[in-house]
Amino acid sequence: SQQGEEDPQALSIQEGENATMNCSYKTSINNLQWYRQNSGRGLVHLILIRSNEREKHSGRLRVTLDTSKKSSSLLITASRAADTASYFCATDGGSNYKLTFGKGTLLTVNP
Amino acid sequence: NAGVTQTPKFQVLKTGQSMTLQCAQDMNHNSMYWYRQDPGMGLRLIYYSASEGTTDKGEVPNGYNVSRLNKREFSLRLESAAPSQTSVYFCASSEDPGGRSPLHFGNGTRLTVT
C-alpha cells in the first residue's frame, strides 16, 4: 500500500511560473524525500527532509514538511521546460529499512 | 561514474520462462533495493538488502527471489514468469538503509511477459 500520495496527479504550467506539488502520508516518519523521473529514465533524488525540519531549499526547489498534518509540499520556482517530469515523494513510515513511494505528479512545463 | 547499472535494458519472455535481472553499484553503498513500476501504481518495493548478507521482502515479493552476491551486486530472479510481471524494474542503492539517505537508481529494465 502507498504510504505517500501526491496531489495533483497532473499539473500543466507555462515556463516561468511556479509549480507546487503536495504529498500526504498516513503514518509517522523519520524522513521524507522527493524524487524526479524523466520519461524512460530512473528516479533522481532531489531533497531529503527530516522529521524535525520544517523547510529545506536546494536551488529553485523548496520543500516544506508539516508533521502535524502529515503533509509535505515541493515548490519549483521559475519553472523551465526541462523541469517537465514526474515527481514522487517517498517516506520511510517510521521504518529504518523501507522507503515507500507515492504514485507521482506529472508536471508539464510549456515553453 | 557509472552509479547503478542494470542489465538487460529490455527483455521479452514467454509465460513460464525464467530470467535474472542484474544490478551492480560502484558507490560502496550498503543497501540495495528492487522496485517495480507499473502505470498508475507508482513504485512498489519487491525486495531489499539493508546490508551485505541480508535480504528481506518488500511489498510485492511473490514470484521473485533475490541474491545479494556481494556488496556491489544484487540480482532479481523470476523463476516462472507470468504476464502480471510485465513491468519496469528499477534497482537502487543507498549508503544507509531505508529513508536515512538518498536512493540512487539505475535506468531500469523493461520486461514484457507474453
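For the structure, see preceding data.
Definitions and cut-offs
- Residues numbered from 1 in each chain as written.
- Chains lettered and ligands numbered in written order.
- Predicted model: local features only at pLDDT ≥ 70, side-chain atom pairs only at ≥ 80, totals over all residues.
- Heavy atoms only, no water.
- Helix = DSSP H or I, 4+ residues; strand = E, 2+ residues; numbered from the N terminus.
- Rg over C-alpha atoms; globule rule 2.2 N^0.38 Å.
- Buried < 20%, exposed > 50% of the residue type's maximum accessible area, 1.4 Å probe, protein only.
- Contact = heavy atoms within 4.5 Å.
- Buried area = accessible area lost by both parts, 1.4 Å probe.
- Salt bridge = Lys/Arg side-chain N within 4 Å of Asp/Glu carboxyl O.
- Nonpolar A, V, L, I, M, F, W, Y, C, P; charged D, E, K, R; others polar.
- Core = buried A, V, L, I, M, F, W, Y, C linked by side-chain atoms within 4.5 Å.
- 1 Å grid on protein atoms, 1.4 Å probe; cavity = no way out; pocket = protein on both sides within 12 Å on 5 of 7 lines; lining within 4 Å.
- Points joined across faces, edges and corners; volume = space filled by probe spheres on them.
- Disulfide = S-S within 2.5 Å.

1. Describing the overall build of chain B
The number of helices and strands found in chain B is zero helices and eleven strands. Of the regular secondary structure in chain B, the N- to C-terminal order runs β-β-β-β-β-β-β-β-β-β-β. Taking 13 Å as the expected radius of gyration for a compact globule of 114 residues, we find that chain B reaches 13 Å, a close match to that expectation. The principal-axis extents of the C-alpha atoms in chain B amount to approximately 35 × 25 × 25 Å. Taken over 114 residues, chain B has a buried fraction of 50%.

2. Some details on the interface of chain B and chain A
Contacts between the two partners involve 25 residues from chain B and, on the opposite side, 22 residues from chain A. In this assembly, chain B packs against chain A so that about 1900 Å² is buried in total across both faces, 53% of it on carbon and sulfur atoms. Where chain B touches chain A, the interface holds zero salt bridges. Contributing elements (two or more residues each) for the side of chain B that touches chain A: β4 (31–38) and β5 (42–49) of chain B. In terms of residue count, β5(B) provides more of the side of chain B that touches chain A than any other element does, five residues in total. Its residues assigned to classes, the side of chain B that touches chain A shows twelve nonpolar, eight polar and five charged.

3. Things to note about the nonpolar core
Counting 21 residues, the largest nonpolar core has Met21(A), Leu32(A), Trp34(A), Leu74(A), Ile76(A), Tyr87(A) and Leu107(A) as its most contacted members. Elements with a minimum of two residues in this core: β3 (19–25), β4 (31–37), β5 (43–50), β7 (61–66), β8 (71–76), β9 (85–91) and β11 (105–110) of chain A. Considering every element that reaches this core, the biggest residue donor is β3(A), with four residues. Non-local contacts of Leu74(A), meaning those with residues more than four positions away in its chain, are made with Ala19(A), Thr20(A), Met21(A), Trp34(A), Leu46(A), Leu61(A), Arg62(A), Val63(A) and Tyr87(A). Counting 20 residues, the second-largest nonpolar core is a separate cluster that includes Leu21(B), Cys23(B), Leu78(B) and Val113(B).

4. Topic: the layout of surface pockets
The calculated volume of the largest pocket comes to roughly 360 Å³. Considering the residues around the largest pocket, the lining is formed by 20 residues, among which Phe88(A), Lys103(A), Gln37(B), Pro39(B) and Gly40(B) are closest to the centre. Secondary-structure elements contributing two or more residues to the lining of the largest pocket are β1 (4–7), β9 and β11 of chain A together with β4 of chain B. In terms of residue count, the dominant contributor to the lining of the largest pocket is β9(A) (three residues). Taken together, the residues that form the lining of the largest pocket break down as six nonpolar, ten polar and four charged.

5. A short note on the state of the cysteines
Tallying each qualifying case throughout the model produces two disulfides over all chains. A sulfur-sulfur separation of 2.0 Å characterises the disulfide bridge that pairs Cys23(A) with Cys89(A). Its S-S torsion of approximately 65 degrees makes the covalent link between Cys23(A) and Cys89(A) right-handed. With Cys23(A) in strand β3 and Cys89(A) in strand β9, the pair connects residues that are 66 residues apart, well separated along the chain. Each member of the pair Cys23(A) and Cys89(A) is classed as buried. Each sulfur of the disulfide joining Cys23(B) and Cys91(B) lies 1.8 Å from the other. Given an S-S torsion of about -75 degrees, the disulfide between Cys23(B) and Cys91(B) has left-handed geometry.

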